[in-house]
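# Notes for the structure review
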Amino acid sequence: MAMASLSPAFVAPSSHGVLLSSTDLSGAGSRTTWRGEAASLCRAPSRLPERCLGLVMLAKGRRKWKRKATRVRRYETNTWPAKDSCEVNFDEALSSIQQRSVALILNRNAKGVNKKVESKLQGIVGPARTFACCSEEDAEHALRKVMDDCECKVVVCGGGDGTVTSLLNMMAKLREEAVSNERELKSSPTMCVLRLGTGNALAYLTGAQKNYAKDLSDLVDHVEEEEVPEIPTSTICLTAEGLPSDSPDKMHCFFAGLGYDARMLQDYMWLRDKTKENRFLSKMLHNPLGYLVALALRTLPATMRGEHVFHVKVTNLGEDAYSMDPRRGDWAFECKKGQVIYEGETGIVSVGTVPYYGGGFRLFPFAGVRPGYAHLRLSHIHPAAATFNIRPLWQGTYRDYKHVHDFLVKDVMVEVDQPTPLHHSGDFMGTASKVRFQVTSDGSTRLVDFFED
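Residues numbered from 1 in each chain as written. Predicted model: local features only at pLDDT ≥ 70, side-chain atom pairs only at ≥ 80, totals over all residues. Heavy atoms only, no water.

## With respect to the side chain of R446
Residue placement: R446 occurs in strand β21 (residues 446-448). Reaching out from R446, the side chain makes a polar contact with the side chain of T190 at a distance of 3.5 Å. At a separation of 3.3 Å, a polar atom in the side chain of R446 contacts the side chain of E230. If near-sequence neighbours (up to four positions away) are discounted, R446 is found in contact with S188, P189, T190, M191, E230, I231 and T233. (Helix = DSSP H or I, 4+ residues; strand = E, 2+ residues; numbered from the N terminus. Polar contact = N/O pair within 3.5 Å; in protein donor to acceptor, adjacent residues only side chain to side chain. Contact = heavy atoms within 4.5 Å.)

Here's what the structure looks like:
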């Protein structure tokens, strides 16, 4: 204001009164106030000394100390380089910053995958290497991109055992297409399993922890500097008769089963469907505890009635197989090609190339003992005996020569006398009357190893 340069004693006329300098009222500062006709509405500032006023305000907790920010002249800042254009190529910038060795394929339908998990994992791998999928078509499209990128060393499976198996079958399909088209894939990545599913059988094998973010972060840091730590694993090629018409002709997996375990899985699926609308029950039962609840509510009562027993014939189609004898300290006896290695009543026929079943259940203790073989187990143990021996069964130490029969096989044909529930990788497939299990060990399937040497 122009008046600020005048003397404090200057008085300016106004239509409503006179405008005085506050110096005339309190002798402190240069603030102005109105006086005249509206004098009754405006009180003059207090005449207390400034020091006393400060002490009063401090006692009331109203004193605020402020420091003026130092202003920097524009010509003194030299942060932005002078260029003719302001456009930025974000794709080029991201590719130069983000890692390129690890790709993440997330199954948004998996139990352990939500927006928070997706955001956390994407922050580790980077948005350019994250593929969030809602269907198998999305996952196959993402996998094609990954296997056509020579820089990709690892594909991370964001889901449970079913998700891993789905990607395993897609990789086999892409390899077959490449061979038929006489085309070579640019990448054959190692598969990484995170603990994001329900059973997490493969996570127990590889040592994946509940802190999935730390596992992924450590993997990304390790791959940038060293080779990928991996476990060469065999897989099972499964072909079955009697399945629904929309089922594929063959499926690749790490473990599968007929009978009791598939029936238990079928009962667990029933329990999930019944509790999916209840938020509390779904949170409590959609996990390994749910298997035990389904076992108690449906599977055990059915087995007590003898509904789980069926007649089976197992024929060895491979060059050789081995029968394990627990009476002799699990000594292996050779079985010839074409030999019927088992025929009789049983309640379960399971086969696996990895030791663990869902929830850390070590159903296949001989898996991995001899490379290129799968552990085939047949059992007709009584449900009461199984219940009383649940701990050694869970740990894989239970042996019973008369009721539990173990084999190491490469290629077997399993024939049953009635349609029997079948599953693979924890996914219920339907009922089958004839199933062939063939072990594939060509070295194309490798899993990231999280265990430290």
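## Observations regarding the packing of helix α8 (residues 260-275) against helix α10 (residues 288-304)
Contact geometry for α8 and α10: axes closest at 8 Å, N-to-C directions at 120°. Between α8 and α10, the angle is such that the two are oblique. Helix-helix and strand crossings are classified by hand; for α8 and α10 the assignment is right-handed. Residues Y260, R263, M264, L265, D267, Y268, W270 and L271 of α8 lie in contact with α10, whose contacting residues are G290, Y291, V293, A294, L295, R298, T299, L300 and T303. (Axes fitted to C-alpha atoms, helices over the stretch in contact; angles between N-to-C directions. Parallel < 35°, antiparallel > 145°, perpendicular 65-115°, else oblique. Left-handed = near helix turned anticlockwise from the far one by under 90°.)

## Digging into the pairing of strand β7 (residues 190-193)
The side-chain alternation of β7 yields two buried faces, one formed by T190 and C192 and the other by M191 and V193. Sheet topology note: the strand β6 (residues 154-158)/β7 ladder contains four bridges and is parallel. Bridge pairing in β7 links V156 to C192. Handedness of the β-α-β unit built from β6, helix α5 (residues 161-180) and β7 comes out right-handed. (Buried < 20%, exposed > 50% of the residue type's maximum accessible area, 1.4 Å probe, protein only. Pairing = 2+ DSSP bridges. Right-handed = clockwise from strand over helix to strand, strands pointing away.)

## Points about the pattern of salt bridges
On inspection of all chains with the given rule, the structure shows 19 salt bridges. The partner of R108 in a salt bridge is E118, with the nearest N and O atoms 2.8 Å apart. Here R108, found in the loop between β4 (102-107) and α3 (115-125), pairs with E118, found in helix α3; they are ten residues apart in sequence, far enough to count as distant. For D406, the salt bridge identified is with R377, shortest N-O distance 2.6 Å. Here R377 lies in strand β17 (residues 374-379) and D406 lies in strand β18 (residues 404-409), a separation of 29 residues in the sequence. (Salt bridge = Lys/Arg side-chain N within 4 Å of Asp/Glu carboxyl O.)

## Overview of the state of the cysteines
Per the counting criterion, the structure on display carries zero disulfides. For C157, which is in no disulfide, the shortest distance to another cysteine sulfur is to C192 and amounts to 7.3 Å. Residue C157 is classed as buried on the basis of its relative accessible area, which comes to 0%. Cysteine C253 remains unbridged, with the sulfur of C237 as its closest cysteine sulfur at 8.5 Å. C253 gets classed as buried once you look at its relative accessible area, which sits at 0%. (Disulfide = S-S within 2.5 Å.)

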